[in-house]
Structure formats: structure tokens, C-alpha cells
Amino acid sequence: MARKRIALIGGGQIGGVLAQLIAQKELADVVLFDIVEDFPQGKTLDIAEASRVDGFDVELRGTNEYKDIAGSDLVIVTAGLPRKPGMSRDDLLMTNAKIMKQVAEGVKEFAPNAFVIIISNPLDAMVTLFQKVSGFDSNKVMGQAGVLDSSRFSTFIAWELGVSVKDVNAMVLGGHGDTMVPLIRYANVNGMPVMEMLERKYNDAAKAKEVMDAMVQRTKMAGGEVVKLLKTGSAFYSPASSAIAMAEAILKDEKRVLPTCAQLNGEFNVDGYYVGVPTVLGENGIEKIIEISLNEEEQAAFDNSVNAVKSLVEDMGRLGF
Ligand code: A3D
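Residues numbered from 1 in each chain as written. Predicted model: local features only at pLDDT ≥ 70, side-chain atom pairs only at ≥ 80, totals over all residues. Heavy atoms only, no water.

Peer 1: With reference to specific residues and values, describe the domain arrangement of the chain.
Peer 2: Domain boundaries in the chain define domain 1 (5-143) and domain 2 (145-321). A straight line from the C-alpha centre of domain 1 to that of domain 2 covers 22 Å. Taken over both partners, the interface formed by domain 1 and domain 2 buries close to 3700 Å², and the fraction arising from carbon and sulfur atoms is 74%. Among the residues of domain 1 in contact with domain 2, Leu 27, Arg 89 and Asp 124 are the three that bury the most area, contributing 17% of the side total. Where domain 1 meets domain 2, there are 1 salt bridge. When the shortest N-O distance is used, the salt bridge between Glu 248 and Lys 25 registers 3.4 Å. Where domain 1 meets domain 2, there are 8 residue pairs in polar contact (both at pLDDT 80 or more). For the side of domain 1 that touches domain 2, the secondary-structure elements that each account for two or more residues are α1 (13-24), β4 (74-77), α4 (93-110), β5 (115-118), α5 (123-134) and β6 (141-143). (Domains from an automatic or database assignment. Buried area = accessible area lost by both parts, 1.4 Å probe. Salt bridge = Lys/Arg side-chain N within 4 Å of Asp/Glu carboxyl O. Polar contact = N/O pair within 3.5 Å; in protein donor to acceptor, adjacent residues only side chain to side chain. Helix = DSSP H or I, 4+ residues; strand = E, 2+ residues; numbered from the N terminus.)

Here it is, written out as C-alpha cells:
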């Protein structure tokens, strides 16, 4: 069977880790594209030179030309500026929209059959723009945010309860911004509700709620927490790992249930917008959007997040994109 090929558009911090993870997992051959001359060639050469030590047989190629992404099964886009301390993701709108438009045109021309996972921020708007410019089917164009936001939430829960993170299932829905919606009611440890475990731990419902609220708040601000510490850019290891989980689900037809920034066409009462929701990812990309029931409070938080996405997309329209 021919090896799969993944094109990475953007060879910066996340792009580099993506290339290394793909190689180490022997998931696919890699084409790393960046506009900076020699830079993607240098990164892929560096990673390839670890192939004997890590023991992987994949081709890694750096390029500054879109034609080299031809034949890619999947494209992961990180092109664009990351945040600096004090910036919100939305501050990146104008600059990254210009870049995303070019990227969509390049991918449309040279890899028209690829699945596409966008990581560039502001995420929900960038996925919307890519899909609009490329005209690709919406099951093939998606954004990575929910896998990371959910992993962050799960990590905080595992630390708080002193249990393995492997046993924690917690999901974050909505837009990838401060309005994101960590779902408390559905969070569980091997099926046991996290809230119940917190109440037992503290023997005090009010204290349990306070602890959960703090974890929810930290999850919403987790990207900014890393930006503040790094000072020179934003998180890159965890976003790369998260996109790889999605890429593997698609290329290996795993039917994984992952929160994905997906285009909604009536689901969750949203029409025509990209927002984070539970999906099934497999060989056809987004194979299913899973509609779960939300209580009044969850629905209000979700609607608030959808409204934030809508207003960002409208801003983008006013800027001419
Ligand atoms: P960075 O290390 O700056 O890499 C971005 C790369 O894009 C650089 O190498 C640039 O040269 C390249 N680039 C710029 N313009 C173009 C273009 N027109 N075509 C192709 N490449 C171009 O950033 P990073 O890797 O840390 O982050 C990349 C993006 O991901 C940023 O927009 C971040 O805000 C975003 N991000 C998203 C998440 C999510 O979970 C959604 C998390 C962390 C970062």
C-alpha cells in the first residue's frame, strides 16, 4: 500500500512538531511548506537526520512552492502569526485572514482532494474562510481546537483528583475563544461524574463547585496562560499532538469521537457556521456530528459562544474576506 502524504502549510513552531510526530509515528510522508526561504528545508532535514535513531522510514521534504504539495491526502494549516502576551486570538484576524486566503488558493490548486485541518487563529473564522475560498466539501474542512481544549480540561481534572488522565473524559464545545464551553455535567472518570467525585473529596457541594469553576476558568484561559509564560509565542506541543489525533482518526478510519470545529447545517440550531461540536472522524473526514442534549445553562453558554463566532465572521466579512 502506498504511503499516505501529509502537507503541512506553515513550518513554524507547531508545523515543526507536527512533522516530527508524523515521522515518529510513520503516519505519512511529509511535505513542509513555508514562505521563508530555506527554513522548511532546514527543519525537515534536521528531523530526517534523526530517522536512524528514531527508526522511521518516511520521506520529509521542505519546500517554498505549493506545487510540491500535489497528491497530499491531508493538509494541516498552521500558517499565520501566533499571539504575543496581551493579545487575544481575535487580534490576529486581519493578518491571518490574508494568509489563509493565499493558503486556501494554493491548496485548492495543488491538493484539491485533500482533507484539511486548520490550526491557525482565530480558529473558527480561519476555518470558515478556508472553506469559503477553497469551496471544498464541509466534511473535508475542519478545525483543531476542541481536542486541545478538552485535553487541557481533562489534564486539570486529573491533577485535581489525583487520577490518571487516561481515565478522564471531558469535552469542551463552542468557539475557540474565551467563550468556549467546558461541559461539566458530561465530565467523567471512567463513567463516574467528576462533580460527584469532587463532592466526595471535599464533602462540601459548594467547595466542589468552586474547584470545578476554577478548572473551567483555567481551561478557558489556558492558551493565554502559556503565552504569558513563553513570552515569544503560543502553545505548540499540545496543539500539534491534538491535530495528529484528528489526522490519525481520518487516515486510519478510526471513527474516533472527537470535538471538532465543524460546519453546522441546522445541528444545535446553528446554520452555516463553524463551531466546536462532538463529531465522528473517519475515512470520510467529519462523518457525523453528534447532537447531545444541553440543559438550559449549557445551551445559553453554547449560544453565547456561537454568537462570538458569528460576530468574528461578520468582522472578517467587513474586512473584505
Ligand atoms: P509560528 O511559529 O509563527 O509559525 C507560523 C509559520 O507560518 C511561520 O513559520 C511563518 O513563516 C509561516 N507563514 C506566514 N505566512 C505564511 C504564508 N502566507 N504561507 C505559509 N506560511 C506562512 O506560529 P505557531 O506555529 O506557534 O502557530 C501557528 C498558528 O496556530 C497561529 O495562528 C496560532 O495562533 C495558532 N494556534 C492555534 C491553536 C489552536 O489550538 C487552534 C493553538 C496554538 C496556536
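Peer 1: Which residues make up unusual backbone geometry, and what are the values?
Peer 2: In terms of backbone geometry, most residues other than glycine have negative phi values and most peptide bonds are trans. In the segment running from Asn 121 into Pro 122, the intervening peptide bond is cis, with an omega of -10°. You will see that Asp 38, though not glycine, has its phi angle at about 70°, which is positive. Examined against the element boundaries, Asp 38 turns out to sit in the loop between β2 (29-33) and α2 (39-48). Even without being a glycine, Asn 190 presents a positive backbone phi close to 45°. Tracing the chain through its elements places Asn 190 in the loop between β10 (188-189) and β11 (192-193). By relative accessible area, Asn 190 is classed as exposed at 54%. (Buried < 20%, exposed > 50% of the residue type's maximum accessible area, 1.4 Å probe, protein only.)

Peer 1: Please give an account of the site of the ligand that cites residues and values.
Peer 2: Taken together, 28 residues lie near the ligand, and Gln 13, Ile 14, Asp 34, Leu 81 and Ile 119 sit nearest. Contact distances for the ligand include 2.9 Å between an oxygen atom and a backbone N or O atom of Ile 14. Note that an oxygen atom of the ligand is positioned 3.2 Å from one of the side-chain N or O atoms of Gln 144. Coverage of the ligand by the protein amounts to 90% of the 870 Å² it exposes when considered alone. (Near = heavy atom within 4 Å. Areas by Shrake-Rupley, 256 points an atom, 1.4 Å probe, with all protein chains shown as cover.)

Peer 1: Describe the environment of Ala 301, and please don't skip the residues or the numbers.
Peer 2: Position of Ala 301 among the secondary structure elements: in helix α11 (residues 296-318). For Ala 301, a relative accessible area of 28% translates into the label partly exposed. Along the primary structure Ala 301 and Leu 173 are separated by 128 residues, whereas in three dimensions their C-alpha atoms are 9.7 Å apart. In contact with Ala 301, not counting residues within four places along its chain, are Thr 179 and Val 181. (Contact = heavy atoms within 4.5 Å.)

Peer 1: Hey, could you go over the packing of helix α6 (residues 146-161) against helix α8 (residues 205-220) for me, with residue numbers and the actual values?
Peer 2: One can describe the packing of α6 onto α8 by two numbers: an axis separation of 9 Å at closest approach and a directional angle of 145°. The handedness of the crossing between α6 and α8 comes out as right-handed. Contact with α6, carried on its side by Asp 149, Phe 153, Phe 156, Ile 157, Trp 159 and Glu 160, involves Val 211, Met 212, Met 215, Val 216, Arg 218 and Thr 219 of α8 and no other residues of that element. A class-by-class count of the residues in the contact of α6 with α8 yields 8 nonpolar, 1 polar and 3 charged. (Axes fitted to C-alpha atoms, helices over the stretch in contact; angles between N-to-C directions. Left-handed = near helix turned anticlockwise from the far one by under 90°. Nonpolar A, V, L, I, M, F, W, Y, C, P; charged D, E, K, R; others polar.)

Peer 1: Before we move on, could you go through the packing of α5 against α11 and cite the residues and values that matter?
Peer 2: At a minimum axis separation of 9 Å, α5 and α11 run at an interaxial angle of 55°. Classified by the angle between their axes, α5 and α11 sit oblique to one another. The crossing of α5 and α11 is right-handed. Of the residues in α11, those in contact with Asp 124, Ala 125, Met 126, Thr 128 and Leu 129 of α5 are Val 309, Leu 312, Val 313 and Met 316. Of the residues in the contact of α5 with α11, the class split is 7 nonpolar, 1 polar and 1 charged. (Parallel < 35°, antiparallel > 145°, perpendicular 65-115°, else oblique.)

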